[in-house]
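Residues per chain are reported as follows:
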Amino acid sequence: MKLLITVVQDEDAQKLISSLMSEGFGVTKLATTGGFLKAGNTTLLIGVDEEKLDDAIHIIEKVCKSRRQMATSPSPVAGAAGMYVPYPVEVTVGGATVFVLDVEKFLKL
Ligand code: 2BA
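Residues numbered from 1 in each chain as written. Predicted model: local features only at pLDDT ≥ 70, side-chain atom pairs only at ≥ 80, totals over all residues. Heavy atoms only, no water.

Trainee: Just to check I follow, could you spell out the side chain of Q9 for this structure?
Mentor: Looking at the secondary structure, you find Q9 in the loop between strand 1 (2-8) and helix 1 (10-22). Each residue touching Q9, except ones within four places of it in the same chain, is listed here: R67, Q69, V93 and G94. (Helix = DSSP H or I, 4+ residues; strand = E, 2+ residues; numbered from the N terminus. Contact = heavy atoms within 4.5 Å.)

Pasting the structure below:
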């Protein structure tokens, strides 16, 4: 068995959960915050049998679209008056960040 720790944008989360569940995958949703944007995102824990791993990844890929978004840099540059001012940067968000882990044991007690 594998565990997919999948970070997605809030906008994509509900559709992804529905798509996964309709194909029989078990999903746990966690409300999380990205370290860079400091904005809410969603992390899904998805336990899958190894032979279904590619199917799950295919669904994630299909549902989660990447997009460009303006963000305020958390590493401000020094302004003219010697003050630190945040500056806007364009980042690509969305898609999905997926960690695939081996599951040593899966128990329901
Ligand atoms: P955030 O940390 O809020 O990052 C949001 C997006 O900002 C990132 O999208 C990336 O496009 C951009 N970004 C992140 N760090 C940056 C930097 N130092 N300079 C410029 N742009 C930067 P993704 O890479 O798709 O990541 C989406 C979310 O997935 C992240 O939200 C974070 O919550 C999680 N994530 C990504 N890589 C991770 C990792 N190695 N470990 C744990 N969580 C991770």
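So that's the structure; there's more coming.
Trainee: Could you clarify how one ought to interpret the sheet that holds strand 2 (residues 26-33) in this entry?
Mentor: Across a sheet, paired strands are connected by hydrogen bonds in the backbone, their directions being either parallel or antiparallel. Sheet architecture is open: 4 strands sit in the order 2-3-1-8, paired in antiparallel fashion. Only two strands of the sheet have a single partner each, and these edge strands are strand 2 and strand 8 (97-102). The average undirected angle you get between the axes of adjacent strands in this sheet is 20 degrees. One ladder, built from 8 bridges, connects strand 2 with strand 3 (residues 40-48); its direction is antiparallel. Opposite V27, over in strand 3, you have I46 as the bridge partner. Sitting on the sheet, helix 1 is in contact with strand 1, strand 2 and strand 3, with an inclination near 20 degrees to strand 3. (Pairing = 2+ DSSP bridges. Axes fitted to C-alpha atoms, helices over the stretch in contact; angles between N-to-C directions.)

Trainee: Help me out: how do you make sense of the packing of helix 1 against helix 2 (residues 53-63) in this one?
Mentor: Between two packed helices, both the angle of their axes relative to each other and the distance between the axes serve to describe the pair. Taken N-terminus to C-terminus, the directions of helix 1 and helix 2 make an angle of 145 degrees; their axes are 10 Å apart at the nearest point. Taken as a pair, helix 1 and helix 2 cross one another with a handedness that is right-handed. Of the residues in helix 2, those touching helix 1 at D12, K15, L16, S19 and L20 are A56, I59, I60 and V63. For the contact of helix 1 with helix 2, the residue count by class is 6 nonpolar, 1 polar and 2 charged. (Left-handed = near helix turned anticlockwise from the far one by under 90°. Nonpolar A, V, L, I, M, F, W, Y, C, P; charged D, E, K, R; others polar.)

Trainee: I tried to follow the site of the ligand on my own but got confused; where do I start?
Mentor: Around the ligand, the neighbouring residues are V7, G34, G35, F36, L37, N41, V91, T92, G94, T97 and F99. Between the ligand and N41 there is a distance of 3.0 Å, counted from an oxygen atom to a side-chain nitrogen or oxygen. Relative to its free-state accessible area of 750 Å², the ligand is covered by the protein chains to the extent of 49%. Of all elements in the fold, only strand 7 (88-94) and strand 8 reach the threshold of two or more residues within the shell around the ligand. If you tally residues by element for the shell around the ligand, the top one is strand 7, at 3 residues. In terms of residue class, the shell around the ligand is made up of 5 nonpolar, 6 polar and no charged. (Near = heavy atom within 4 Å. Polar contact = N/O pair within 3.5 Å; in protein donor to acceptor, adjacent residues only side chain to side chain. Areas by Shrake-Rupley, 256 points an atom, 1.4 Å probe, with all protein chains shown as cover.)

Trainee: Please explain the side chain of T42 as it appears in this structure.
Mentor: For T42, the location among the structural elements is in strand 3. One polar contact links T42 to D10, side chain to side chain, over a distance of 2.7 Å. Excluding its chain neighbours within four sequence positions, the residues that come into contact with T42 are T6, V7, V8, D10, A13, K29, L30 and T32.

Trainee: Sorry if this is basic, but what is going on with a nonpolar patch on the surface here?
Mentor: Taken together, I57, V98 and V100 make up a surface patch of nonpolar side chains, about 190 Å² in accessible area. Inspection of the secondary structure assignment puts V98 in strand 8. (Patch = residues over 30% accessible without salt bridge, like charges linked within 9 Å, V, L, I, M, F, W, Y side chains within 5 Å. Salt bridge = Lys/Arg side-chain N within 4 Å of Asp/Glu carboxyl O.)

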